[in-house]
Amino acid sequence: MDIIAKYQEIKASLGQGVRLMAVTKNHTAEEIRPLLEAGHRLFGENRVFEAIEKWQPLKEEYPDIELHMIGSLQSNKLKEALGIFSAIDSVDRESLAQKLSLEDIGGKSFLIEVNTGSEPQKGGIMPEEADDFINKCLYEYKLPIKGLMCVPPADEEASPHFAFLKTLAKRHGLKELSMGMSGDYLLAVQQGSTCVRLGTVLFGPRKS
Ligand SMILES: *Cc1c(COP(=O)(O)O)cnc(C)c1O
């Protein structure tokens, strides 16, 4: 099946109110172009310099592209990140929140990433610190936080992680839930996802 047929099929399976973010890390502009031509505009990348190199030229052609940062963001790349991304979905620590609050972030929005599986190698605020961190971002740093993101452990059932994220978001009045990847996006949608992040199922396996 070609990418557009696959894309249309997935979109139809998501139903109303769930956005599809095409995750394009390790994929080239030429692989992405058919989606742009079909009118798709929401994309995710997880590295700042890869995003700049690939997306700067594409944004000149398609100025309404909405590119989100979904990877771990180093503070020393913050200015470059704010230059290329419309949103950062991986705010996950106080030092980053504090630095963001000092930048001109006009029109951008953020999600907080929660490390629901407490995996040491992964980004995201730890679950037991999440309530405090969300409050700080909202009320101390006054960041436009719209919701939460998580990447459940690869070797566990995703469902309890999605449920945790939803409960946490609800407690803080946050509406956006970025959850669900190629292997579990239909489950995530059943559990209230508002945005699924899909790479493999659209583009095929990534070459590293
Ligand atoms: C790579 C990546 C995805 C896409 O994963 P697939 O399994 O290829 O759909 C989604 N979210 C994040 C944060 C990623 O890094």
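Throughout, residues of each chain are indexed from 1 in the direction in which the sequence is written. Per-residue local features of the predicted model are confined to residues with pLDDT of at least 70, and side-chain atom pairs are confined, for both listing and counting, to 80 or more; whole-chain, interface and lining totals are unaffected and use all residues. Think of the side-chain values as coming from all heavy atoms in the structure, minus any hydrogens and water.

> Describe the pattern of salt bridges, naming the residues involved and giving the relevant values.
Put simply, a salt bridge is a Lys or Arg side-chain nitrogen that is within 4 Å of an Asp or Glu carboxyl oxygen. By the definition in use, this model includes 13 salt bridges. Where E30 meets R33, a salt bridge forms, and the shortest distance between an N and an O atom there is 3.5 Å. On the criterion of helical spacing, the pair formed by E30 and R33 is a turn pair, its members being three residues apart in helix α2 (residues 29-37). Accessibility expressed as a relative area gives 53% for E30, which makes it exposed. Its salt-bridge partner being K136, residue E94 comes within 3.2 Å of it at the nearest N-O pair. Here E94 is found in helix α5 (residues 94-101), whereas its partner K136 is found in helix α6 (residues 127-140), with 42 residues between them in sequence. Counted as one network, the salt bridges with shared partners bring together E45, R47, E50 and K54. A run of H or I in DSSP counts as a helix once it spans at least four residues, and a run of E counts as a strand once it spans at least two, with each numbered from the N terminus. Each residue gets one of three labels from its accessible area relative to the maximum for its type: buried under 20%, exposed over 50%, partly exposed in between, using a 1.4 Å probe on protein chains only.

> Just give me the short version of the layout of surface pockets, but keep the residues and values in it.
Method remark: on a 1 Å grid restricted to protein atoms, a set of points is classed as a cavity if a 1.4 Å probe fits but cannot get out and as a pocket if it is open with protein on both sides within 12 Å along at least five of seven lines; lining residues have an atom within 4 Å of a point. Grid points are joined across faces, edges and corners, and a volume is the space filled by probe spheres set on the points. Computed from the structure, the largest pocket encloses a volume of approximately 380 Å³. For the lining of the largest pocket, the class distribution of residues is six nonpolar, eight polar and five charged. In this classification, Asp, Glu, Lys and Arg are treated as charged, Ala, Val, Leu, Ile, Met, Phe, Trp, Tyr, Cys and Pro as nonpolar, and every other residue, Gly included, as polar.

> So what's going on with the pairing of strand β2 (residues 42-45)? Which residues, and what values?
Of the two faces of β2, both are covered, the one formed by L42 and G44 as well as the one formed by F43 and E45. By convention a crossover is right-handed if, when the strands point away from the viewer, the path from the first strand over the helix to the second runs clockwise. Viewed along the sheet, the connection from strand β1 (residues 19-23) through α2 into β2 turns out right-handed. One ladder, built from four bridges, connects β2 with strand β3 (residues 66-69); its direction is parallel. Looking across to β3, one finds that F43 is bridged to L67. Pairing between strands requires that DSSP locate at least two bridges from one strand to the other.

> Residue-level account of the side chain of R197, with values.
Looking at where R197 falls in the secondary structure, it is placed in strand β8 (residues 195-198). Charge counting follows a simple rule: Lys and Arg are positive, Asp and Glu are negative, and His as well as the terminal groups are ignored. Here R197 sits buried without a salt bridge, and the closest side chain of opposite charge, E113, lies 6.9 Å off (N-O distance). N or O atoms closer than or at 3.5 Å make up a polar contact, with two conditions inside protein: a donor-capable atom paired with an acceptor-capable one, and, for residues adjacent in sequence, both atoms drawn from side chains. At 3.1 Å, the side chain of R197 forms a polar contact with the backbone oxygen of C150. Within the structure, the side chain of R197 is placed 2.9 Å from the backbone oxygen of S178, a separation counted as a polar contact. Every residue in contact with R197, bar those within four places of it in the chain, is listed here: M21, V23, I70, M149, C150, V151, S178, M179, G180, M181 and S182. Here, residues are in contact when the closest pair of their heavy atoms is within 4.5 Å.

> Give me the lowdown on unusual backbone geometry, citing residues and values where you can.
Non-glycine residue N26 carries a positive phi angle of around 65°. Its location among the elements puts N26 in the loop between β1 and α2. Positive phi, normally seen in glycine, also occurs at K142, with a value near 50°. Within the element layout of this structure, K142 appears in the loop between α6 and β6 (145-150).

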